[in-house]
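Given next are the chains, with one letter for each unit.
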Amino acid sequence: MTTTDTTACILCSRNCGLSVEIDDNRFKKIKGDKAHPFSQGYICQKAARLEHYQNHDDRLTTPLQRQSDGSFKPVSWDEALDDIAQRLVAIRDQHGGNAFAFLGGGGQGNHLGGAYSRQLLAAMKSYFSYNSLGQEKTGDFWVNGRLFGEQTCHTTEDVEHADYVLFIGTNPFQAHGIPNARDTLKHIKKDPGRTMVVVDPRRTETAKMADIHLQLRPGTDAYLMSAMLAIIVTEGLHDRDFLAKHCRGFDQVEKALRAIPIADYAARADVPLATLEEVARGFANADSACVRIDLGIQQTLNTTLNGYLEKLLYLVTGNFGKPGGNNLHTMLLPILGDTDERNPKYRRTAHHRMFPIAGIYPPNILPDEILHQGEDRIRAVFVDSANPLVTWADTRAYEKAFASLELSVVIDVTMTETARAAHYVLPASSQFEKWEATGFNLEFPVNGFHLRHPLFLPKEGTLPEPEIYTRLLEKMGVLPERFPKLERLARLEAKRGQYLATLAALGTLLARNRQWIPHAASIVYRTIGKTLPDNAAASAPLLALTHVYAQLHYKAVKRAGHQGNRLTLGSNLFQAILKGRSGITLSEHRFTDIWSLIAHNDRRVHLAIPEMLDELAGLTASITDQAYPFVLMAGERRSYNANQIYRDPAWRKVDPHGAMRMHPEDAERLGIENGDKALCRSARDSIEVVVEVDDSVRTGMVTLPHGFGMRYKDSAPIGPELNRLTDSQHCDPLSRTPFHKHVPVQIEKSSTAGAV
Ligand SMILES: Nc1nc2c(c(=O)[nH]1)N[C@H]1C(S)=C(S)[C@@H](COP(=O)(O)OP(=O)(O)OC[C@H]3O[C@@H](n4cnc5c(=O)[nH]c(N)nc54)[C@H](O)[C@@H]3O)O[C@H]1N2
Ligand SMILES: Nc1nc2c(c(=O)[nH]1)N[C@H]1C(S)=C(S)[C@@H](COP(=O)(O)OP(=O)(O)OC[C@H]3O[C@@H](n4cnc5c(=O)[nH]c(N)nc54)[C@H](O)[C@@H]3O)O[C@H]1N2
Ligand code: SF4
Ligand SMILES: [Mo]
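Residues numbered from 1 in each chain as written. Chains lettered and ligands numbered in written order. Predicted model: local features only at pLDDT ≥ 70, side-chain atom pairs only at ≥ 80, totals over all residues. Heavy atoms only, no water.

Participant: Give a detailed account of the site of ligand 3, specifying residues and quantitative values.
Facilitator: Surrounding ligand 3, one finds Cys-9, Leu-11, Cys-12, Asn-15, Cys-16, Ile-43, Cys-44, Lys-46, Ala-47 and His-176. Within the shell around ligand 3, the residues separate by chemical class into seven nonpolar, two polar and one charged. (Near = heavy atom within 4 Å. Nonpolar A, V, L, I, M, F, W, Y, C, P; charged D, E, K, R; others polar.)

Participant: Hey, could you go over the side chain of Thr-349 for me, with residue numbers and the actual values?
Facilitator: Residue placement: Thr-349 occurs in the loop between strand E14 (326-328) and helix H15 (366-371). Residue class for Thr-349 comes out buried when judged on its relative accessible area of 1%. Beyond its immediate sequence surroundings of up to four residues, Thr-349 is in contact with Phe-128, Tyr-130, Met-354, Tyr-361, Ile-365 and Glu-369. (Helix = DSSP H or I, 4+ residues; strand = E, 2+ residues; numbered from the N terminus. Buried < 20%, exposed > 50% of the residue type's maximum accessible area, 1.4 Å probe, protein only. Contact = heavy atoms within 4.5 Å.)

Participant: Can you lay out the site of ligand 1 for me, pointing to particular residues and giving the numbers?
Facilitator: By nearness alone, 32 residues border ligand 1, and Asp-200, Gly-219, Asp-221, Asn-641 and Lys-741 come closest of all. Within the side chain of Asp-200, an N or O atom sits 2.6 Å from an oxygen atom of ligand 1. Alone, ligand 1 offers 910 Å² of accessible surface; in the complex the protein occludes 96% of this. Where the shell around ligand 1 is concerned, the elements lending two or more residues are helix H5 (172-175), helix H13 (295-298) and strand E23 (630-636). No other element matches the three residues that E23 contributes to the shell around ligand 1. Per-class residue counts for the shell around ligand 1 are nine nonpolar, 13 polar and 10 charged. No fewer than three residues from each of domain 3 (155-328 + 606-615) and domain 4 (630-749) sit in the shell around ligand 1. (Polar contact = N/O pair within 3.5 Å; in protein donor to acceptor, adjacent residues only side chain to side chain. Areas by Shrake-Rupley, 256 points an atom, 1.4 Å probe, with all protein chains shown as cover. Domains from an automatic or database assignment.)

Participant: Describe the sheet that holds strand E28 (residues 743-749), with residues and values.
Facilitator: Reading around the barrel, the six strands line up as E23-E27-E24-E26-E25-E28 and close back on themselves, with mixed pairing between neighbours. The average angle at which neighbouring strand axes cross in this sheet is 45°, direction not considered. As paired elements, strand E24 (residues 660-662) and strand E26 (residues 686-693) share three bridges and run parallel to each other. For Met-660, the partnering residue across the bridge sits in E26 and is Val-691. (Pairing = 2+ DSSP bridges. Axes fitted to C-alpha atoms, helices over the stretch in contact; angles between N-to-C directions.)

Participant: Summarise the state of the cysteines; cite the residues concerned and give the values.
Facilitator: Throughout this description, disulfide means a covalent bond between two cysteine sulfur atoms. Tallied over the full model, the rule gives zero disulfides. Cys-247 carries a free sulfur, and the closest cysteine sulfur to it, the one in Cys-153, is 14 Å from it. A disulfide-free cysteine, Cys-290 has its sulfur positioned 17 Å from the sulfur of Cys-247, the nearest such atom. Under the relative-accessibility criterion, Cys-290 is labelled buried at 0%. (Disulfide = S-S within 2.5 Å.)

Participant: Describe the domain arrangement of the chain, naming the residues involved and giving the relevant values.
Facilitator: The assigned domain composition of the chain is domain 1 (3-49), domain 2 (64-136 + 337-427), domain 3 (155-328 + 606-615) and domain 4 (630-749). Each of domain 2 and domain 3 has a C-alpha centre, and the two are 37 Å apart.

This is the structure we're talking about:
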């Protein structure tokens, strides 16, 4: 019998609402959900294939334990968790908190488990949380910390309402990242009153829709953006009123910008000066303008500086805190922390002495932190919702590091490359078999939240993460299994849907037992959780978060239509989330609220960041190495890649090999024809690729797609294993995020040639 239901897509940070038909415990049809408050029915081609995530031959269905001969033996959950708990406790007690690291913690759609996994770090007395955000966005978060006062002050862009949109290093037509990307792009293109500018070395699908495409030389964004800013200030196009009223430190910034040799920098970026001037003037003079950026500037040279310059573009022109500009926003799930490195309480790593940014340590340093010979090296890791042996820089370094660990545990739905290298593999229920949610609710002024309910019965043998971590903590002796008083209170209060007495009792319990404070998630899961309808126990921690959110944003939550007083609004918001199967609106802010979201005491933006102004003053020409004449953009978003979430290659309709795009002139010079195999060699390693001759790239640059290199049913790796080419050291000196868009390589026609 076919039934219909709602959920959300788990393939990118937009998490579009889905309306699905289900038959025989399988997806039969997948469409956009018109009732979703944000996506309103929009989806892209990737979502329709989600059955390839839910059911395939590599789904895990039992815990696996590595044997001395390297094979895996199926074991029971108790057997696995008893042994893991005992070994974790032994490592902690013998070597202390530096010996453990947590890797991952949520992909593109599964962040509810993060509330539970975080507890394991606390139980291990460790701070070392490594996450994929630490190889893309931490430079940006660091700049936010300085500008706005806390690294949790994250910005968004109102592309839908801007008159002038600047896309720098992002291809929303394929990668999305903005609301209903393709529709939004079409609207801008059609409207003669609005302007779209794309800054990208490739003539991307988005660039083809733009009014102006600045096809800059790869890795020269810092030159291009600083020249643009210099044009703005020398021509007096900056917003003096805004700067006087809302900012500090503009004088220092202005001085630095006035020193920029504009024509020289335009030439370095290889863009026409007249076009750059036209864009600078157009952007500064528009009634509303915003900047949307992504990996094109975050994974290339001058990463952190790029983030600073990009933010200066909208700040200096006063396009902040208004419709069509860039804005701060609220978050319900605290996916980012604030860990200013000037505060010594945030622990540095043993080997690189690296600090966390927004609570996250950078994957580029982890192999060294495991492999160095110090007593304080990392000896045990937990990996959850990530596949670092494919996706983090320097695969060979990762393989070596994993082989030297005393204990490695992977929680995943499928047999990944990282799982193959682990001591224990624990099978999670899929994201459509459990309660889940995304923390990527980054909207302003109207923000929302979508708690997804299970669509399918969990595959036998699997468990959801909240249960896995809670059992593990219990077995480690960190938490008792029962909290009878809280349970009783929760049952009494469940009927009214308000848990005020239970939450108050929890507060008292935690005040008396401070060692349990980091484990509040599992405590509410085992108590309040048991009383929630439809086995929604996993969502219990949201109750505390909705209370905090409703306190902080009381008026905005009420404006979104939620009822209640200072005491009850949080619980009512929680109930609305539980019931809102297509997602709900959380809050409706006013643009004037932006100033209260700034964390600096003076509620102003502090524009002058000495480290960044120093880097700007010392900008030098980009790297050139005769031995590696091509710049490889290692990790392009295309129509049929989606991180590592789909593993069955049958999901792809095109691009089965993940081909390398190369300009016709380069191909001709190398004697390579469309479909030929070629060898792509970096200083680190080489891989064989299939070439697609394509004039959308500049000469001297080549691109390979992200989201390949995984095995399926014990096959060889399918498509390019990109991170065999990347090197841990090739990264931003401040944030340690990799230069994946700028990998120097040499290319030659493969001797095993022959068209594919
Ligand atoms: N289809 C698909 N969509 C995805 C994903 C996926 O795997 N597949 N992954 C999701 C994730 S995790 C992320 S982080 C986002 C990333 O989304 P994006 O960052 O938008 O995608 P990319 O294609 O990685 O890179 C963006 C652009 O940067 C350009 N670029 C390369 N070098 C430079 C440079 O030096 N300067 C400038 N200005 N541009 C440069 C590239 O040509 C490319 O068009 O996509 C998300 N969406
Ligand atoms: N060279 C190069 N490397 C890159 C990039 C690039 O452009 N170039 N892009 C980088 C970027 S921006 C990102 S974000 C990363 C992405 O790479 P990763 O962070 O490794 O994450 P995902 O590809 O999202 O894979 C997440 C894992 O979660 C698993 N999973 C799915 N559902 C569940 C669940 O419910 N529970 C659990 N426990 N696991 C689940 C999937 O099977 C998969 O193994 O890759 C990065 N690596
Ligand atoms: S835009 Fe992202 S979330 Fe929406 S359907 Fe496509 S992949 Fe899924
Ligand atoms: Mo990403």
